[in-house]
Amino acid sequence: MYDKCAFIKHCVDNAKTLSEPLWHLFACVLNSFSNGEDLFDYYSQNYPGYNPLATKKKFKNASKYNVSCKTISNYFADCAKCKYKKGEKYDR
Ligand SMILES: [Zn+2]
């Protein structure tokens, strides 16, 4: 996953400085993974001002959104080149 989607890689590599809208998208993407909540919590800990409860809340809220690389490419240009761009479901 990390290798396939430029956005995931970007979020992981830039967890310390990631903007709020991108965190939200990251949470949306991770909702399609069975261990997504753990991953989201894990990477959120790199963020200054990390708060476990707020992180849980954010992840739950993101589950309402169906996000693919196509959506993400509106915010993050590199996802226009991703193989997930067509709106395919992310591999788990
Ligand atoms: Zn992507």
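Remember, it's a predicted structure, so these values are computed and weren't measured experimentally.

Participant: I tried to follow the nonpolar core on my own but got confused; where do I start?
Facilitator: The nonpolar side chains of a soluble globular protein tend to be buried, and buried together. In terms of nonpolar packing, the biggest core is built from 26 residues, with Phe7, Phe26, Ile72 and Cys79 touching the most fellow members. For this core, the secondary-structure elements that each account for two or more residues are helix H1 (6–13), helix H2 (20–30), helix H3 (36–44), helix H4 (52–62) and helix H5 (69–72).

Participant: Looking at this structure, I do not really get H3. What am I missing?
Facilitator: Helical geometry note: an α-helix holds 3.6 residues per turn, so side chains three or four residues apart project in the same direction. Among the residues of H3, those classed as buried are Gly36, Phe40, Tyr43 and Ser44. Taken down its axis, H3 places every buried residue within 105° of arc, on the same side. Turned more than 90 degrees away from the buried face of H3, the exposed residues are Asp38 and Tyr42. Looking at the buried side of H3, the elements it contacts are H1, H2 and H4.

Participant: Even after reading the chapter, I still don't get the coordination of the zinc ion, so can you show me in this structure?
Facilitator: Tetrahedral coordination by four donors sets the ideal angle at the metal to 109.5 degrees; octahedral coordination by six donors sets it to 90 or 180 degrees. Looking at the metal site, the zinc ion is ligated by Cys5 (SG), Cys69 (SG), Cys79 (SG) and Cys82 (SG), spaced 2.2 to 2.3 Å from it. Given four donor atoms and angles of 105 to 117° at the metal, the environment of the zinc ion is assigned as tetrahedral.

Participant: How do you make sense of the packing of aromatic side chains when you look at a structure like this?
Facilitator: How two aromatic rings sit relative to each other is set out by the distance from centre to centre and by the angle between their planes. Summed over the entire model, instances satisfying the criterion amount to eight aromatic pairs. Relative to Phe40, the ring of Trp23 lies with its centre 5.6 Å away and its plane at 85°, an arrangement referred to as edge-to-face. Of the two residues, Trp23 sits in helix H2 while Phe40 sits in helix H3, which places them 17 residues apart along the sequence. The class of Trp23 is buried, set by a relative accessible area of 2%. Residue classification places Phe40 among the buried residues on the basis of a relative accessible area of 1%.

Conventions and cut-offs
- Residue indices begin from 1 for each chain and proceed along its sequence in written order.
- Where local features are concerned, this predicted model is filtered to residues with pLDDT of at least 70; where side-chain atom pairs are given and counted, the filter is 80 or more; whole-chain, interface and lining totals use all residues.
- Side-chain metrics in this entry use all non-hydrogen atoms of the structure; hydrogen atoms and water are not considered.
- Here, nonpolar core means buried Ala, Val, Leu, Ile, Met, Phe, Trp, Tyr and Cys residues that are tied together by side-chain atoms lying within 4.5 Å of each other.
- Burial status follows relative accessibility: with a 1.4 Å probe on protein chains alone, a residue under 20% of its type maximum counts as buried, one over 50% as exposed, and anything between as partly exposed.
- Helical segments are the DSSP runs of H or I of at least four residues, strand segments are the runs of E of at least two, and each set is numbered from the N terminus.
- It is the directions from the helix axis to the C-beta atoms that the arc portrays.
- Two residues form a contact once any of their heavy atoms are found within 4.5 Å.
- Coordinating N, O and S atoms are those within 2.8 Å of the metal (3.2 Å for Na, K and Ca), and as water is not part of the atoms, a site may appear to have fewer donors than expected.
- Metal sites are grouped by the angles between bound donors: all angles between 85 and 135 degrees with four donors is tetrahedral, opposite donors over 155 degrees apart with the others between 65 and 115 is square planar for four donors and octahedral for six, and any other pattern is irregular.
- Under the pairing criterion, centres of Phe, Tyr and Trp rings, with the six-membered ring standing for Trp, must be within 6.5 Å; the plane angle then separates stacked pairs below 30 degrees from edge-to-face pairs above 60, leaving the rest tilted.

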